[in-house]
Amino acid sequence: MSTTSPELRSRSLLRTEAQTRAAALTVHDVLVELDLRDPAADTFRSRTTLQFASTDQESFVDFQGRSLLAATLNGEPLHPGGWQQGRLPLHGLQAENTLVVEGEMAYSSDGEGLHRHVDPADGRTYLYAMSFLDAAPRWFACFDQPDLKASYRFEVDAPADWTVLGNGPSAAGAPGHWTVSPLRPLSTYFVTLVAGPYASVHAEHDGIRLGFHARASLRAELEAEAPDMVTVTAQSFDYYHRLFGVRYPFGEYHQAFVPDFNAGAMENPGCVTFRDSFVYRGRATELERGGRASVIAHEMAHQWFGDLVTMRWWDDLWLNESFAEYMAHRCCTEATRYPIWTEFGIRRKHWGAVADQSPSTHPVAGNGAADAVAALQDFDGISYAKGASVLKQLAGYLGEDVFLGGLRAYFERHAYGNAEFAELIEAWTAAGAVDLPAWAEAWLRTAGMDTLDVAPAPGGTSVVVTGPGGTASPRTHAVTVGAVDATGTVHEVADLALHDRSAPLAVPADAVLVVPDAHDATWAKVRFGPDGWSGVARVLPRLDDEAVLVVVLNAVRDAVREGSLGAATALDLVCGSLGRVQSEALLSVVLGFAASTLAGPYAPVGERAARLARVHAVAREVLAGSPPGSDRQLAGFRLALASASDTGLLQGWVDGHDLPEGLVLDSELTWGLVRRLVSLGGDPSLVEQTLARDASSAAAVHAARARASVPSAAAKQAAWALLMEPSDRSAYEVYATGEGFWVAGQEELTEDYVRRYFAEVAGTARFRSGWALGRTAETAFPALAATEQAVQRATETLQTELAAPLRRALVDGTDQLSRALASLRRGD
Ligand SMILES: [Zn+2]
């Protein structure tokens, strides 16, 4: 039998459906047989045999093939006509059942399901599977929900020169025939497969076999980067083993760096997939290596938080993400050579703060996601950065013994199963936590940010807490109050458990600025009292304390967005002080903000070039003041080229003239220069010339970004077609096209596309879904168009029917536009 699904769109699983199915079914063993021998074909054959018990007579299995070839339940053929919206109904279930589903499945090009990439460097084909969040049925039939774990065996036929990896140990029998053996029970969302002529580096640590894999064209880069990654992986295993009291349970540990990957990485047990930009093609700085270390440590933390103990339903996804984020930062800082709390503060916390003040904000925990697609929208800065900050507070509140004691008991009790928020609270309470439900209600189940401000008080200075919108806050903040004197020296004033308003604090007489959270320890907006910004202006050029710098610079950015600090004033503060800052994280992020925001939507169109020139001058100051060959020099150069307006200067750098001493122009820097140069009206054929010398897939992405930046009607039209119409381009090229499209200085040329964006974006849901749909809408959003008309169009579009990922992208984008417009209206 061969049937093509009459309804291509699958239906998102409702939480209530998941509960009913989990109550009835127990899945034992799953065998997946895949025929991948012809990687040039559009489809592959997938045959799944599921052994499961049922207490109900009726249920359904998820299957999203291109066609259904055969299906039998307990040996009886199933009627193919029932297959609708990605579900195949099952009738007459018995106590024990065998279900076989065979179909023709489509390879994906959007990074979900079984993704296929042909490497332009050598024409070889690479596959990897991404089952998250509900993409597993795109490559095998399954009961797709986190709490129906099963044991998986894979039998895979592939070309003879391929390597096949999965969650369990894999081995080739006959040439090209691979078996991936079951090791531990797995949830569907983290079942994976990596297959292709991958290059590999192996190592071993503490009895765990480690594998690192990337496309063959990245072999040299993989080999160069492997020692650092082996070290970080080994140190992280030691750290987590010490902390969690349960050893890593999934056998070998493979880390595969795969093409076109949407997220940073995915925590598939035993076989983590990463975006392959982590295998650096150009020179990478310590900040970037630290960022990679944090992703490695994050996915390793998931082996416990998520993989060993899995949330029952998606609304508890903070049990995965907040913990992995928090643990990774602790682990890197305490166990590796990458101290990364500064980067967390300036980049990740700002990301979370923007989300927590957007109309789309939600509590960290218990969002009650009604279906799987709704849950995907909560993978944002709240679930990651806010959740991690809150856990940092919790660890301090409970003390290390109770915090870790509770976690260990939780792992032991729920190993290889599923758990909920309440069960973790129970474990902590059993370990000695007091009043935890009230604490959790205030921090984890209440959305929005408190504000910590400074106020004069009789006999001193008080720190005052207010909740969102000026309400009373139920939260208590553990903070250290600091005072900064005119030399930029920070003095600790008091450690507080702050609720409502502190008692008057004795602040040193020479204090110029009082900082309510000098260690950047809590989750709150910080302000500095009635004359706070003048104090900031005085101390900022002399401040070296990184935690205080993070707090002050986050407050500057937040106050601009909130409307309590003018963008021009903020630019003065940033440009007057950043040139001497040493931290690469602070430099890159805050000067990046100045260029993209203060000189972008928050600047009147006529002033954007002049403001960008000021940012460029600071970047040149950084460049001139950095030792040759240093990371700081490289960071300064990147900022300088991105903010340059002098095509002669850029052309000289492209040609290798006048480069700063010690700076080597690698392919990544070259692409940065080319993109900026063509966006300023430089010769667009430079893109194709550069591409002719660099045939990698990374180059194809750079070229897409650069082409979209070219200031001509034809270039914009071609780029627009890629964004709004179906094509065979990789998702990365589409995102890069969105990133390159809107350029300050091209407002007139792109004006009509603002209207077109809102008219056309809903239509992209016809041919994109999931990550790709939301991410494309986000990158193509006209963020520079801070006009009344654009905000009105955006608001009208939001009143129409929109797919969930589009709605989220538009809600957030519109909020940003409205804030910029309000700032422009105030004219400050
Ligand atoms: Zn994660």
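Residues numbered from 1 in each chain as written. Predicted model: local features only at pLDDT ≥ 70, side-chain atom pairs only at ≥ 80, totals over all residues. Heavy atoms only, no water.

A. Main features of the packing of helix 14 (residues 584-598) against helix 15 (residues 608-624). The N-to-C vectors of helix 14 and helix 15 enclose an angle of 160 degrees; their axes lie 9 Å apart at closest approach. As summarised for this structure, helix 14 and helix 15 are arranged roughly antiparallel, according to the angle between their axes. Once helix 14 is placed against helix 15, the crossing between them reads as left-handed. Contact residues: helix 14 offers Leu587, Leu591, Ala594, Ala595 and Leu598, while helix 15 offers Arg611, Leu612, Val615, Val618 and Val622. Here the contact of helix 14 with helix 15 is built from residues that sort into nine nonpolar, no polar and one charged. (Axes fitted to C-alpha atoms, helices over the stretch in contact; angles between N-to-C directions. Helix = DSSP H or I, 4+ residues; strand = E, 2+ residues; numbered from the N terminus. Parallel < 35°, antiparallel > 145°, perpendicular 65-115°, else oblique. Left-handed = near helix turned anticlockwise from the far one by under 90°. Contact = heavy atoms within 4.5 Å. Nonpolar A, V, L, I, M, F, W, Y, C, P; charged D, E, K, R; others polar.)

B. Layout of the coordination of the zinc ion. Around the zinc ion, the protein contributes the donor atoms His298 (NE2), His302 (NE2) and Glu321 (OE), at 2.0 to 2.1 Å from the metal centre. Overall, His298 belongs to the buried group, its relative accessible area being 8%. (Donors = N, O, S within 2.8 Å, 3.2 Å for Na, K, Ca; no water. Buried < 20%, exposed > 50% of the residue type's maximum accessible area, 1.4 Å probe, protein only.)

C. Here's a closer look at the sheet that holds strand 17 (residues 208-214). Strand order in the open sheet made by the five strands is 16-17-18-20-19, with mixed pairing throughout. Looking along the sheet, the strands with just one partner apiece sit at the ends: strand 16 (199-205) and strand 19 (265-266). As defined by bridge partners, strand 17 adjoins strand 18 (residues 253-258) across four bridges and the pair is classed as parallel. Of the residues in strand 18, the one forming a bridge with Gly211 is His254. (Pairing = 2+ DSSP bridges.)

D. Just the pairing of strand 11 (residues 151-157), in detail. When strand 2 (residues 25-35) meets strand 11, the two strands line up parallel, connected through seven bridges. Opposite Asp29, over in strand 11, you have Ser151 as the bridge partner. In this structure, strand 11 lies alongside strand 14 (residues 177-180), joined through four bridges in antiparallel fashion. For Asp157, the partnering residue across the bridge sits in strand 14 and is His177.

E. Main features of the pattern of salt bridges. Under the counting rule described, the total for this entry stands at 54 salt bridges. Arg330 is the salt-bridge partner of Glu334, the closest N and O atoms lying 3.8 Å from each other. Placement of both Glu334 and Arg330 in helix 4 (residues 318-335) is noted, with a separation of four residues, approximately one turn of the helix. (Salt bridge = Lys/Arg side-chain N within 4 Å of Asp/Glu carboxyl O.)

F. Structural detail: helix 1 (residues 15-24). What helix 1 keeps buried is the set Glu17, Ala18, Arg21 and Ala24. What you see down the axis of helix 1 is that its buried residues fit within an arc of 135 degrees, all on one side. The inward-facing, buried residues of helix 1 abut strand 2, strand 3 (43-54), strand 4 (59-62) and strand 7 (87-90). (Arc of directions from axis to C-beta.)

G. Spatial organisation of the environment of Arg292. Structurally, Arg292 can be placed in helix 3 (residues 286-302). Taking the C-alpha atoms as reference points, Arg292 and Phe278, 14 residues apart in sequence, are found 6.5 Å from one another. When residues no more than four places from it in sequence are discounted, the contact partners of Arg292 are Glu225, Asp228, Met229, Phe278 and Tyr280. A polar contact is formed between the side chain of Arg292 and the side chain of Asp228, at a distance of 3.0 Å. (Polar contact = N/O pair within 3.5 Å; in protein donor to acceptor, adjacent residues only side chain to side chain.)

H. Seen up close, the nonpolar core. Of all hydrophobic cores here, the largest spans 164 residues; its most connected members are Leu36, Tyr240 and Trp428. Ignoring anything within four residues of it in the chain, the contact list for Trp428 reads Phe323, Leu391, Leu394, Leu398, Val402, Phe403, Gly406, Leu407, Ala433 and Leu436. Membership of the second largest hydrophobic core comes to 104 residues, among which are Val526, Val548, Ala555 and Val674. (Core = buried A, V, L, I, M, F, W, Y, C linked by side-chain atoms within 4.5 Å.)

I. Representation of the pairing of strand 16 in the model. Strand direction decides the pairing type here: strand 16 and strand 17, joined by seven bridges, are antiparallel. Each residue of the ladder has a partner; that of His202, found in strand 17, is Gly211.

J. Focus on a negative patch on the surface. A grouping of Glu492, Asp495, Asp545 and Glu546 is seen on the molecular surface, where their side chains present a negatively charged patch. Relative to the assigned elements, Asp495 resides in strand 26 (residues 490-498). Relative accessible area serves as the criterion here: at 60%, Asp495 is assigned to the exposed category. (Patch = residues over 30% accessible without salt bridge, like charges linked within 9 Å, V, L, I, M, F, W, Y side chains within 5 Å. Areas by Shrake-Rupley, 256 points an atom, 1.4 Å probe, with all protein chains shown as cover. Lys, Arg positive; Asp, Glu negative; His and termini not counted. Charge placed at Lys NZ, Arg CZ, Asp CG, Glu CD.)

K. Structural view of helix 9 (residues 421-430). All of the buried residues along helix 9 are Phe421, Leu424, Ile425, Ala427 and Trp428. Buried residues of helix 9, seen end-on, are gathered within an arc of 160 degrees and therefore sit on one face of the element. Structurally, helix 9 contributes buried residues whose contacts are with helix 4, helix 7 (381-398), helix 8 (400-414) and helix 10 (436-444). After helix 9 finishes, the residue Gly432 shows a positive phi value of roughly 120 degrees.

L. Structural detail: the side chain of Thr522. Looking at where Thr522 falls in the secondary structure, it is placed in the loop between strand 27 (511-515) and strand 28 (524-526). Within polar-contact distance, the side chain of Thr522 engages the side chain of His477 at 2.8 Å.

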